[in-house]
Amino acid sequence: MSGNRPNLFILGAPKCGTTTLSAWLAQHPKVYFSPEKEPHHFYSPYGEPMSRAEYEALFEQAPDDVQYLAEASVWYLFGGTAVPKILEYSPTARFIVCLRNPMKMAPSLHSQVLYTGRELLDNFEEAWQVSDQRFAGEHIGIFGFDQGDPACMAYKQACMLGQQVETLLQQIDRERVLFVLLDELSANPEKVWERIQNFLGLPLYTDFPLGVHNQAKQRRFPMLQQFTLFVQNLKRRLGLKKRFGLLAPLNKRNVIEKKYPPPPKQLQEVMRLAFREDILKLSDLINCDLSDWKH
């Protein structure tokens, strides 16, 4: 393949299996995956996106014989503005969208953002209650940021996948999009992997274990991660590229695996009501029975 423009995009959604699919695709000999999994060049919720030159540099090492240059930026689906920009840049691009029950996605997303240090409200119910304010642009309970889009931490709206898929299908032909449910990914990874390869017209390749990636984690010392975010934000403001070598090994040790408890039953009822119509919409759009998601 000539050039260095990606033509395969995993659009999201966050905490729906994108890390697992990225890891699988990166193993395929006919796919070159961006060494930075989430470049967010076409929509960045965290501030200024990387430049076009920086973005294309991610793909400079791709072999000429690959069929796809790929990346996975989990907020492209939510942003709604990314796909038209992608199509202008890469007109023949194909897309994979990972989906998940929003009842499970929302608390999982909260735990992930808590892990990254951006979320200051460690109680999911408190964070859920400020969804509308964050979606309106208020930086409530968000660590140290006066830039970027707080809407991505509005857990109610961020998990309205039906609305997001509806916008997507208004922008691109259905035949160019493959939808993958996390439930199916977990229950039958071999079937999902075969379906992905068939969708992309890739030769079947199974010479690696189909493991699941990006399990729930927690920071031992949240303030250390917040200091890292402060340094990263300062570097971005100053236009610095050099990495601070001490922080990476410290933060690697600042991790423990953790399973988070489900939301309280009363909040689950509130969430179920909030997501009910959106689940119905998504079910119609992807022609899939999602009735289990409403219980």
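Parameters and conventions
Position labels on residues start from 1 in each chain and follow its written sequence. Only residues with pLDDT of at least 70 are given local features in this predicted model, and only at 80 or more are side-chain atom pairs given and counted; all residues enter the totals for whole chains, interfaces and linings. Derived side-chain values reflect all non-hydrogen atoms in the structure, with water molecules and hydrogen atoms excluded from consideration. Only buried residues count toward a nonpolar core, which is a set of Ala, Val, Leu, Ile, Met, Phe, Trp, Tyr and Cys residues joined through side-chain atoms within 4.5 Å. The classification of residues rests on relative accessible area computed with a 1.4 Å probe and restricted to protein chains. Under 20% of the type maximum is buried, over 50% is exposed, and intermediate values are partly exposed. Helix and strand definitions here come from DSSP, where helices need a minimum of 4 consecutive H or I residues and strands a minimum of 2 consecutive E residues; each element is numbered from the N-terminal end. Contacts: residue pairs with any heavy atoms within 4.5 Å of one another. Strand pairing is assigned whenever DSSP detects at least two bridges linking the two strands. Side-chain rings of Phe, Tyr and Trp (the six-membered ring for Trp) are treated as a pair once their centres are within 6.5 Å; stacked means planes under 30 degrees apart, edge-to-face means over 60, and tilted covers the remaining angles. Whether a charge lies above a ring is judged from NZ of Lys or CZ of Arg, which has to be within 6 Å of the ring centre and within 35 degrees of the ring normal.

**Regarding the nonpolar core**
Right, on to step 1. Among the nonpolar cores identified, the biggest contains 84 residues, and Leu11, Leu25, Phe95, Ile96 and Leu99 are the most heavily contacted of them.
Right, on to step 2. Looking at which element gives the most residues to this core, the answer is helix 14 (residues 265–286), with six residues.
Right, on to step 3. Excluding residues within four positions of it along the chain, phenylalanine 95 makes contact with Phe9, Leu11, Val83, Ile86, Leu87, Ile172, Arg176, Val177, Leu178 and Phe199.

**Notes on the pairing of strand 4 (residues 94–99)**
Right, on to step 1. In terms of burial, strand 4 is largely enclosed, as five of its six residues are buried.
Right, on to step 2. By the bridge criterion, three bridges tie strand 1 (residues 8–10) to strand 4 in an arrangement that is parallel. In the sheet register, isoleucine 10 faces strand 4, and the bridge partner there is isoleucine 96.
Right, on to step 3. Looking at chain direction, strand 4 and strand 5 (residues 177–181) are connected through five bridges and run parallel.

**Describing the packing of aromatic side chains**
Right, on to step 1. The full count for this structure, using the stated rule, is 12 aromatic pairs.
Right, on to step 2. Above the face of the phenylalanine 199 ring, arginine 94 is positioned so that its terminal group lies 4.2 Å from the ring centre.
Right, on to step 3. Looking at arginine 118, its charged tip hangs above the ring of tyrosine 46, at a distance of 4.1 Å from the centre.

**Re the side chain of serine 22**
Right, on to step 1. Relative to the elements of secondary structure, serine 22 occurs in helix 1 (residues 18–27).
Right, on to step 2. Judged by its relative accessible area of 5%, serine 22 falls in the buried class.
Right, on to step 3. Not counting the four nearest positions on each side in its chain, serine 22 is found in contact with Ile10, Phe33, Lys37 and Ala72.

**Regarding the pairing of strand 3 (residues 68–72)**
Right, on to step 1. Counting buried positions over the five residues of strand 3 gives five, a clear majority of the element.
Right, on to step 2. Of the two faces of strand 3, the one holding Tyr68, Ala70 and Ala72 and the one holding Leu69 and Glu71 are both buried throughout.
Right, on to step 3. For strand 2 (residues 31–33) and strand 3, the ladder comprises three bridges, and the chain directions are parallel. Bridge pairing links valine 31 to tyrosine 68 in strand 3.

Shape descriptors only; they carry no functional weight alone.
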